[in-house]
Amino acid sequence: AANASFKLAQGLTANPSAVYYSGRRGFSAPGVTRRFNDALLANLFIRRTGLAKGRLELGLGIYNLFNTPFGYLQPYDGGHAELPLRSRELAVKAAYKF
């Protein structure tokens, strides 16, 4: 796992993060196990502060940046396949200090 923060300019930061999952084994169907491939889940969040006399903050985030197919595996035979992770996701954040 990696997480960083970079100051790009006054009041502008970029925050990349990533988690690498090596090959895993888990249940893909009732009673059937298999090996799942390696996966890299990367995110990027860009934040701008100091707007509107320092009261407004805006952010834009992209999660699962590379649209990596990934699922959460069950370590036991629960009767169903992996639970899928959402595909690429875009998030917008706005915060205002009153």
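Residues numbered from 1 in each chain as written. Predicted model: local features only at pLDDT ≥ 70, side-chain atom pairs only at ≥ 80, totals over all residues. Heavy atoms only, no water.

### A closer look at the overall build of the chain
Inference 1: Across its full length, the chain holds zero helices and ten strands.
Inference 2: Counted from the first residue to the last, the chain has its helices and strands arranged as β-β-β-β-β-β-β-β-β-β.
Inference 3: What you see for the chain is a C-alpha radius of gyration of 19 Å, clearly larger than the 13 Å of a compact globule of 98 residues, by over 25%.
Inference 4: Overall, the chain is about 60 × 25 × 20 Å in size when its C-alpha atoms are taken along their principal axes.
Inference 5: When the 98 residues of the chain are sorted by exposure, 19% land in the buried category.
Inference 6: In the form shown here, the chain has an accessible surface area of approximately 6,900 Å², with 59% of it arising from carbon and sulfur atoms.
Inference 7: Averaging the locations of the 13 positively and 5 negatively charged side chains of the chain gives two centres separated by 14 Å. (Helix = DSSP H or I, 4+ residues; strand = E, 2+ residues; numbered from the N terminus. Rg over C-alpha atoms; globule rule 2.2 N^0.38 Å. Buried < 20%, exposed > 50% of the residue type's maximum accessible area, 1.4 Å probe, protein only. Areas by Shrake-Rupley, 256 points an atom, 1.4 Å probe, with all protein chains shown as cover. Lys, Arg positive; Asp, Glu negative; His and termini not counted. Charge placed at Lys NZ, Arg CZ, Asp CG, Glu CD.)

### Comments concerning the pairing of strand S7 (residues 56-63)
Inference 1: Sheet topology note: the strand S6 (residues 39-51)/S7 ladder contains seven bridges and is antiparallel. By the bridge assignment for S7, Ile46 is matched with Leu60.
Inference 2: Linkage of S6 to S7, two consecutive antiparallel strands, is achieved through a turn of four residues, within which Ala52 is found at a positive phi near 50°.
Inference 3: Of the pairings in the sheet, the one linking S7 to strand S10 (residues 89-96) comprises eight bridges and is antiparallel in character. Paired with Ile62 across the bridge in S10 is Leu90. (Pairing = 2+ DSSP bridges.)

### What to know about the side chain of Arg24
Inference 1: Structurally, Arg24 is set in strand S4 (residues 24-29).
Inference 2: Within the buried set, Arg24 has no salt-bridge partner at all; the shortest N-O distance to an opposite charge, 5.0 Å, is to Glu82.
Inference 3: Looking at Arg24, its side chain comes within polar contact range of the main-chain oxygen of Gly71, at 3.1 Å.
Inference 4: Excluding residues within four positions of it along the chain, Arg24 makes contact with Arg34, Arg35, Phe36, Phe70, Gly71 and Leu73. (Salt bridge = Lys/Arg side-chain N within 4 Å of Asp/Glu carboxyl O. Polar contact = N/O pair within 3.5 Å; in protein donor to acceptor, adjacent residues only side chain to side chain. Contact = heavy atoms within 4.5 Å.)

### A look at unusual backbone geometry
Inference 1: The backbone phi angle of Ala52 is positive, close to 50°, even though this residue is not glycine.
Inference 2: As for its position among the elements, Ala52 is in the loop between S6 and S7.
Inference 3: You can call Ala52 partly exposed: its relative accessible area is 44%.

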